[in-house]
Amino acid sequence: MSFTLMPQKDYAATNSDKKVVLVIIDRVSLNDYIKYDAKNIEKLINNGTVGLMNVRNADGYVDASGYLTFGTGTRASAHGISSINLNVNENYTFGSAGDLYKLNTGNDYGNNNIVNIGISNLISSSESADYKITPGLLGQLLKDNNIPTYVFGNSDITSDNSITYRRYGALIAMDEKGTAFGDVSENILKYDKNSPYFMRTDYNKILDYFKEYEKNGGFFVIDTGDTSRVDSYSSNVSSEIASKYERYAIINADNFIGKLLENIDTSKDLLIVATPYPSKSDISSNNLLAPIIIYGPGYNGLTTSLTTKRDGIITNIDLAPTILNYFNIKAPVEMLGHPITNVKTQNKVNYLENLNNKVVSIYTARPIVLKSYVIFLIIILILYLITLFLKIGYLKYLKPVVLGVMIVPLSLLILSLFSPLSIYSSIIVLILITTLLLLLIKLIAKDEFNMLIVISLLTAIIITVDIFTGAHLMKGSILGYDVIAGARFYGIGNEYMGVLIGSTIMGVMTFIQKYDNRANKLLGVLFFALVFMLMVLPQYGAKIGGFITGFMAFGVTLLLMSEIKINYKNLLLLFLIMVVLLTLMFIASMFMGTFTHMAQTALIVKNEGITALYKIFARKLNMELTLIRYTIWSWVLIITIMSLFILSYKPTGILKSIFKKNKYIYYGFFGSIVGMLFALAFNDAGIVAASTMCIYAFPPILIMLEREIINNKI
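Calculation criteria
- Residues numbered from 1 in each chain as written.
- Predicted model: local features only at pLDDT ≥ 70, side-chain atom pairs only at ≥ 80, totals over all residues.
- Heavy atoms only, no water.
- Salt bridge = Lys/Arg side-chain N within 4 Å of Asp/Glu carboxyl O.
- Helix = DSSP H or I, 4+ residues; strand = E, 2+ residues; numbered from the N terminus.
- Buried < 20%, exposed > 50% of the residue type's maximum accessible area, 1.4 Å probe, protein only.
- Contact = heavy atoms within 4.5 Å.
- Axes fitted to C-alpha atoms, helices over the stretch in contact; angles between N-to-C directions.
- Parallel < 35°, antiparallel > 145°, perpendicular 65-115°, else oblique.
- Nonpolar A, V, L, I, M, F, W, Y, C, P; charged D, E, K, R; others polar.
- pLDDT = per-residue confidence, 0-100.
- Expected span 1.5 Å × (residues − 1).
- Polar contact = N/O pair within 3.5 Å; in protein donor to acceptor, adjacent residues only side chain to side chain.
- Pairing = 2+ DSSP bridges.
- Core = buried A, V, L, I, M, F, W, Y, C linked by side-chain atoms within 4.5 Å.

S.K.: Would you explain the pattern of salt bridges in this entry?
M.R.: Pairing is possible between side chains that carry opposite charge, provided their charged atoms lie close to one another. Per the stated rule, a full pass over the model turns up 19 salt bridges. Because the salt bridges share partners, they merge into one network encompassing D17, K19, E214, K268 and D269.

Set out below in C-alpha cells:
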C-alpha cells in the first residue's frame, strides 16, 4: 500500500520544541535487555532512571487495555472494535476507516489521519464504570495546550490472509474524539523472512517520519511491534527458536533507539521506553511487573512516584501525569497516578532483580500460604470447641497450637527478612519461626494468660515500630502488600490493620485485667492513641477505613474502661464525632497538598461532587460483597460467630460468668466486635480486617472457657 502523511498544522509559533518520545517495546522483561546485550538500552538504564511497573488495568491483564491505561491515567478497559485504530484511507469491512469513523460518530476527523473506529463504544463502556475514565484524555490535554502528538508503528499479525489489528499506540495519544496523527498502517512494516509472520517494523521509515516532525517538538508514541509479534508466534516454535527471534527483535529495536538518541537533545527531551504488557512466559511465571526506562533531564536512578512511595516501583497510571508534568500541564484529578520521579542508588539492575524476585515470591506464595493458615486456624478453632465439651483433658495438647495460631501474623512479618523463598520453603520457615517464638514466649510468660498478653502486645508493638520506621517488614510480608495485585503500595493494608487493632485492644485489655492500676490504664490509652495516629497520619498512609474502624473500636473500648455504658445514644454520639473528625480531615486534605488515599478521595469529591463519594462507596461495597462470597477469610468470621452463639447457651451462663470475672477482657472483646462491624461496613476488603481481628479477640475467650469449666467442674 502506498501512503503519504499530510503535514500537521504548524505548532512552532505556539509551543517550544521540547519532546517526549515514548517507545513501546512490548512483552519483554528487564532481564531480556541484559540477556540480549541491548547496548543502547543498557546505556539508558545506566545513565537514566529505570524501574518496574505494575501494568494491571481494569481487566486485569489485557494488552489493549494496558495501552489505553497509559493514556487515561486511570485503569481502563478496551475490547473488540473499541481497540481498533486505522489510518483513514485504509479499508475495513465495507468502507474506508475514515468514512466508517464518520458513520459511527458523526464527527469529522479533521487534520488527523488515524481514527479509532469504535470510539463511541469505548466512551460508552468507560462511562458505565464506577469511577471516571476518559479515553483520549492525555492526547486531548496535549492538544488543548498546542502540543502536537504523533503515533507510528503497530504490532499487527497476519494469519490465513487476514490481519489482526494491534495498533494500540493510538490509544495512548489519541484525543477524546478518538483521532490521532501519524502512521499505524501496514505501510510501516516490511517483509522479512527471518521474522515471525514474515514481517517486521520498518524502522527507517519511522525514523524518517520522526526527523520530519520532531522540529516542532511534541509527544511521539512509537510502537516497535516486533517483540509483540515474536511473543504471539512463540507457541509455534521451540523455546530456542523463539529466543532467537526475540533477540533479533530486541537488537533491531535497540539499534533504532541508538539512532533516536542521535536525533534528540537529552538535555531537554525525554525518552521513555515502556512495556505495557508482559510476555506469555512472564505471565506464566508470575513475572508481572514490566520494565520502564526514562532518559532525560533530572532522571538518573530508580523510579518512584507518590502512587507507590516505593523505590523502583511505579504503576501504568503514572505515565500520563509524568508526560503532562514534563510539558508543565497539571494532571486532572481523575488521573489517579502521579509524576514519576527518581531516587539515587547503586547497582540499579541488581536492586531491581532482587526486588522483582521478592515481589514474585510474595505473589506466588501469598494465596497458598494464607489459605493454608486460614484452613488450619478454622480446624483448630473447631477442634478446640469439640474437645472443650467432649474431652477437656486433651486441651493441654491444643492450647499451644491455639497460641501458635495467634503468633502467625507476627511470624509472617519476620518471615519477610528471609524473602525471597519458594512456597514450600515459606511454609517450613514460617512453622519454624512460629515454634521458636512460642517456645521463647512460654519461657518468659510461664502460663497461658501471660502468654496471651505477651503475644498480643509483642505483635502490636513490632507492627507499630515497623510502620513508624517505614513498614519495611510489612512491605515484604505475605500478609502485607501485594505489589503485583496493586491494591495498596504503602500505609497499612486490611490484613495488618485487623491484626494491629485486634492485638492492640486485646493485648492492652488482658494486661490491665491482670495488672489493674491507674498507670497501666494511662499507658494503655496512650498506646491506643499512638496506634490510631499511625493509621491516619498522612506520612503513614491516612487510611480512611483504618480511621473509621480504629476510632470506633478504640473509642468503644475506652468508653467501657471509663465505666460509660454503651447504649444506642452513646454509640451514635461516638459515630457522629467520628464523622465530624473525618469530614474535617477530608477538608484539610483538599488544601494541605498531601498525597494519600484520603487526600486523593477528597480531591475527587471536590472536583466531581458528592456523587463521586457515592460511587466510591458503591464500588467498595460491591468489592466487599464479592469478597465475602469468595474469600476463605469469611469462614473465620462465620466460625467465630457460630461458636459465640453456641457458647451463649451451653454451658449455661459460662460466657456471662467469664466476662463478669474479667471485665477488661470483656471491654476489649466488645470493642473488637464493634471494630469488626465497622471494618466490614467501611473497608473494601473489610472481611479480611474483621477476620484478622478475630485472631486476637476469640482465642482468649476459648482459653478462659477451659479454665472456667475446670475450676467449676461444669
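S.K.: Could you clarify how one ought to interpret unusual backbone geometry in this entry?
M.R.: If a residue is not glycine, its phi is most likely negative; likewise, a peptide bond is most likely trans. Look at the link from S419 to P420: it is a cis peptide, with omega at 5°. Its location among the elements puts P420 in the loop between α14 (395-415) and α15 (423-445). We note that F198 has phi near 55°; this positive angle belongs to a residue other than glycine. Position of F198 among the secondary structure elements: in the loop between β12 (189-191) and β13 (199-201). Positive phi outside glycine occurs at K309, with the angle close to 50°. Counting through the fold element by element, K309 comes out in the loop between β17 (301-304) and β18 (313-315). Residue classification places K309 among the partly exposed positions, given a relative accessible area of 30%.

S.K.: What's the story with the side chain of T387 in this structure? I'm lost.
M.R.: Assignment of secondary structure puts T387 in helix α13 (residues 348-390). Each residue touching T387, except ones within four places of it in the same chain, is listed here: I392, Y394, L395 and L398.

S.K.: Help me out: how do you make sense of the packing of helix α18 (residues 494-514) against helix α20 (residues 544-561) in this one?
M.R.: Packed helices, taken two at a time, are described by their axes: the angle between them and the distance between them. Contact geometry for α18 and α20: axes closest at 10 Å, N-to-C directions at 10°. Viewed along their axes, α18 and α20 adopt a mutual orientation that is roughly parallel. For the pair formed by α18 and α20, the contact residues are M497, I501, T504, I505, M509 and I512 on the first element and G545, G546, T549, G550, A553, F554, T557 and M561 on the second. Of the residues belonging to the contact of α18 with α20, the class tally is 8 nonpolar, 6 polar and no charged.

S.K.: What should I look at first to understand the confidence of the model for the protein in this one?
M.R.: Any residue range with low pLDDT should be treated as having predicted coordinates unsuitable for detailed reading. For the protein, the mean per-residue pLDDT works out to 89, and 91% of the residues sit at or above 70. Mean pLDDT per element in the protein: helix α22 (residues 597-608) is the minimum at 62, and strand β14 (residues 218-223) is the maximum at 98. Taken as a whole, residues 9-15 scores under 50 in pLDDT and shows 12 contacts with residues more than four places along the chain or in a different chain.

S.K.: I keep staring at the environment of I272 and nothing clicks. Help me out?
M.R.: Tracing the chain through its elements places I272 in strand β15 (residues 270-274). For the pair formed by I272 and Y295, sequence separation is 23 residues and the distance between their alpha carbons is 6.3 Å. Look past the residues within four positions of I272 in its chain and what remains in contact with it is V20, V21, L22, V23, I292, I293, I294, L319 and I323.

S.K.: What am I meant to see in helix α19 (residues 518-536) here?
M.R.: Here α19 is 19 residues long and its end C-alpha atoms lie 27 Å apart, about the 27 Å a rise of 1.5 Å per residue gives. Between the side-chain oxygen at the start of α19 and the backbone nitrogen of A519 there is a gap of 3.1 Å, and the oxygen is on N517.

S.K.: Please clarify how the pairing of β17 should be interpreted in this entry.
M.R.: Along any regular strand the residues' side chains alternate between the sheet's two faces. As judged from the 2 bridges shared by strand β2 (residues 49-54) and β17, these two strands associate in the parallel manner. When the bridges of β17 are listed, V50 appears paired with L302. Relative to strand β19 (residues 341-343), β17 runs antiparallel, the two sharing 3 bridges. When the sheet's bridge partners are listed, T304 is paired in β19 with T341.

S.K.: Mind showing me how you'd approach the environment of E495 here?
M.R.: Within the secondary structure, E495 sits in helix α18. It is 40 Å that separates the C-alpha atoms of E495 and I119, two residues lying 376 residues apart in sequence. Those residues in contact with E495 that sit more than four places away from it in its chain are R366, L479, G480, V688 and T692.

S.K.: In this structure, what is going on with the nonpolar core? I would like to understand it.
M.R.: Most often, soluble globular proteins keep nonpolar side chains buried together rather than apart. Ranked by internal contacts, the top residues of the largest apolar core, which has 115 residues, are L412, M474, Y496 and I701. The residues contacting Y496, other than those within four sequence positions of it, are P409, L412, L413, I463, M474, S477, L479 and G480. In this structure, L68, V88, I133 and I172 belong to the second largest nonpolar core, which totals 59 residues.

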